[in-house]
Amino acid sequence: MSRTGQRTGLHTNVQPELQITDALAQARSLDVARLDAQWLLGHLLQRDRAWLLAHGDAALPAAAAAAWPALLARRAAGEPLAYVTGQREFCGLLLQVSPAVLVPRPETELLVQWGLACLLNAPAAAPITSAIDLGTGSGAVALAVLAGLRGRHDLDMLATDASAQALAVAQANAAQLKLPLRLAQGDWWAAADGQRFGLALSNPPYIAAGDPHLGALTHEPSAALTPGGDGLLALCQIVEGASAHLLPGAWLLLEHGHDQGEAVRTQLLQCGLIGAETRADLAGLPRCSGAFLPG
């Protein structure tokens, strides 16, 4: 038999090309939300959603087709989309995230907006030149504030966290965004090393230990979500140490649970701060409270 004859009966195991419509159909079969699937596939292909919608019959490159099932399985198992892609947008910034840090939430943008207002509305004769972000995680709040000030106001921003892994994520984000962020490791004010600041911000863990929402957040670091008990422990620790680390007239701004505003305002006043107020997020829920040191 000739060599040609030998080849005639061979069957090659060639896999059919995976098209975009096929990939999205696979996501539907696993109950992955359509927008999540499009975002995940767009990240994999480095294409936006409009391109995906217009090119449903386009074939995935071999490497993307090989990577798709594992990424899809992670999302189908409930892993946050931000961890699967390694990215999350926050206040217009594309941040790196990992399971070492909390996924930044849209409601936290209120904390950034309030902080920026304090900085930009300070009297010209007494500008705020220093700030601290306590429990920075990915660096989201501190970096969004710095980005909002870029070209308008100089600020020495210190970001702290008890987790070295979280600080590594924050450092990577600062380097990627080319923003001058100082970092220090330690538990709340302990990392400040005796420094005083013109503004302090924090989005600490505040979910109560028995809150049913924790069941859907098992992929995120527990220490960044809840301090246990009624959820107020970290908030109280930050407020109690504030007067020793704030300059006269400096604001302390805190994110908290929708039902914790009154308790946080009471704590702020009991610890010597004045002008306590609570502001609502875009959903109309009481989300941030703040007060300032007399003087």
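Right above here is the structure, for reference.
All values derive from a computational prediction rather than experimental measurement.

K.L.:
Where do I start with the overall build of the protein chain in this structure?
P.N.:
Regarding its fold elements, the protein chain presents eleven helices and nine strands. Taken against the 2.2 N^0.38 rule, which gives 19 Å for 295 residues, the C-alpha radius of gyration of the protein chain at 24 Å runs more than 25% over that of a compact globule. The principal-axis extent of the C-alpha atoms belonging to the protein chain is close to 100 × 45 × 35 Å. Expressed as a percentage of contacts within the protein chain between residues at least 6 apart in sequence, the contacts between residues at least 24 apart total 66%.

K.L.:
Sorry if this is basic, but what is going on with the environment of Ala-250 here?
P.N.:
Structurally, Ala-250 can be placed in strand E7 (residues 246-255). We classify Ala-250 as buried; its relative accessible area is 1%. In the structure, Ala-250 is positioned 23 residues away from Leu-273 in sequence and 9.5 Å away in space, judged by C-alpha atoms. If near-sequence neighbours (up to four positions away) are discounted, Ala-250 is found in contact with Phe-197, Gly-198, Leu-199, Ala-291, Phe-292 and Leu-293.

K.L.:
Explanation requested: the pattern of salt bridges in the structure shown.
P.N.:
A side chain with one charge can pair with a side chain of the opposite charge if their charged atoms come near. Here the structure, examined in full by the defined rule, presents five salt bridges. Asp-156 is the salt-bridge partner of Arg-182, the closest N and O atoms lying 2.9 Å from each other. Note that Arg-182 is positioned in strand E5 (residues 181-185) and Asp-156 in strand E4 (residues 156-161), a separation of 26 residues in sequence. Judged by relative accessible area, Arg-182 falls into the partly exposed class, the value being 33%. The exposure class of Asp-156 is partly exposed, given its relative accessible area of 33%. Glu-277 is the partner of Arg-279 in a salt bridge, and the nearest nitrogen-oxygen pair spans 3.2 Å.

K.L.:
How should I be thinking about the pairing of E7 in this particular structure?
P.N.:
The buried fraction of E7 amounts to seven of the ten residues, a majority that puts the element mostly inside the structure. Between strand E6 (residues 197-202) and its parallel partner E7, the chain crosses via helix H10 (residues 233-242), and the hand of that crossover is right-handed.

K.L.:
Can you walk me through the side chain of Gln-38 in this structure?
P.N.:
Summarising the element assignment, Gln-38 is placed in helix H3 (residues 34-45). Leave out the neighbours within four places in its chain, and Gln-38 touches Leu-24, Arg-49, Leu-52 and Leu-53.

K.L.:
Sorry, what's going on with the packing of aromatic side chains here?
P.N.:
In this description, a pair of aromatic rings is defined by centroid distance and the angle of the planes. Enumeration over the complete set of coordinates arrives at two aromatic pairs. On the basis of an interplanar angle of 55° and a centroid distance of 6.0 Å, the ring pair of Trp-114 and Trp-251 is categorised as tilted. Of the two residues, Trp-114 is situated in helix H7 (residues 109-120) and Trp-251 in strand E7; the sequence distance between them amounts to 137 residues. Between Trp-251 and Phe-292, the aromatic rings sit 5.1 Å apart at their centres with planes inclined by 50°, giving tilted as the arrangement. Residue Trp-251 is found in strand E7, and its partner Phe-292 is found in strand E9 (residues 286-292); the two are separated by 41 residues along the sequence. Put simply, the rings of Trp-114, Trp-251 and Phe-292 touch in pairs and so form one group of aromatic residues.

K.L.:
Please clarify how the packing of H10 against helix H11 (residues 261-270) should be interpreted in this entry.
P.N.:
Between two packed helices, what matters for the description is the angle formed by their axes and the separation of those axes. Running from N to C, H10 and H11 cross one another at 25°; their axes reach a closest spacing of 9 Å. Comparing the axis directions of H10 and H11 gives the class roughly parallel. Crossing of H10 over H11 shows right-handed handedness. Between H10 and H11, the contacting residues are Leu-235, Cys-236, Val-239 and Glu-240 on the first element and Val-264, Gln-267 and Leu-268 on the second. A breakdown of the residues in the contact of H10 with H11 according to their chemical character gives five nonpolar, one polar and one charged.

K.L.:
Could you clarify how one ought to interpret helix H8 (residues 140-149) in this entry?
P.N.:
One turn of an α-helix holds 3.6 residues; hence residues three or four places apart share an orientation. The element H8 is extensively covered by neighbouring structure, given that eight of its ten residues are classed as buried. Considered for burial, the residues of H8 that qualify are Ala-140, Val-141, Ala-142, Leu-143, Ala-144, Val-145, Leu-146 and Leu-149. At the C-terminal side of H8, Gly-151 shows a positive phi close to 85°.

K.L.:
Help me out: how do you make sense of the sheet that holds E5 in this one?
P.N.:
Two pairing modes exist for strands in a sheet, parallel and antiparallel, and in both the strands are linked by backbone hydrogen bonds. Here we have seven strands laid out as an open sheet, ordered E5-E4-E3-E6-E7-E9-E8, and mixed in their pairing. Here the strands that pair on one side only, and so sit at the sheet edges, are E5 and strand E8 (274-280). Between one strand axis and the next, the sheet turns through 20° on average, direction left out of account. Pairing of strand E3 (residues 130-134) with E6, which is carried by four bridges, proceeds in the parallel orientation. Bridging from a neighbouring strand, Asp-133 pairs with Leu-201 of E6. H10 rests against E3, E6 and E7 of the sheet, and its axis sits at about 175° to E7.

K.L.:
Looking at this structure, how should I read helix H9 (residues 164-177)?
P.N.:
Relative to the 20 Å expected for 14 residues at 1.5 Å per residue, H9 spans 20 Å between its end C-alpha atoms, a close match to the ideal helical length. Listed in full, the buried residues belonging to H9 are Ala-166, Leu-167, Val-169, Ala-170, Asn-173, Ala-174 and Leu-177. What you see down the axis of H9 is that its buried residues fit within an arc of 155°, all on one side. Contacts from the buried residues of H9 go to strand E2 (93-96), H8, E4 and E5.

Cut-off values and rules
- Residues numbered from 1 in each chain as written.
- Predicted model: local features only at pLDDT ≥ 70, side-chain atom pairs only at ≥ 80, totals over all residues.
- Heavy atoms only, no water.
- Helix = DSSP H or I, 4+ residues; strand = E, 2+ residues; numbered from the N terminus.
- Rg over C-alpha atoms; globule rule 2.2 N^0.38 Å.
- Contact = heavy atoms within 4.5 Å.
- Buried < 20%, exposed > 50% of the residue type's maximum accessible area, 1.4 Å probe, protein only.
- Salt bridge = Lys/Arg side-chain N within 4 Å of Asp/Glu carboxyl O.
- Right-handed = clockwise from strand over helix to strand, strands pointing away.
- Phe/Tyr/Trp six-rings, centres within 6.5 Å; stacked < 30°, edge-to-face > 60°.
- Axes fitted to C-alpha atoms, helices over the stretch in contact; angles between N-to-C directions.
- Parallel < 35°, antiparallel > 145°, perpendicular 65-115°, else oblique.
- Left-handed = near helix turned anticlockwise from the far one by under 90°.
- Nonpolar A, V, L, I, M, F, W, Y, C, P; charged D, E, K, R; others polar.
- Pairing = 2+ DSSP bridges.
- Expected span 1.5 Å × (residues − 1).
- Arc of directions from axis to C-beta.

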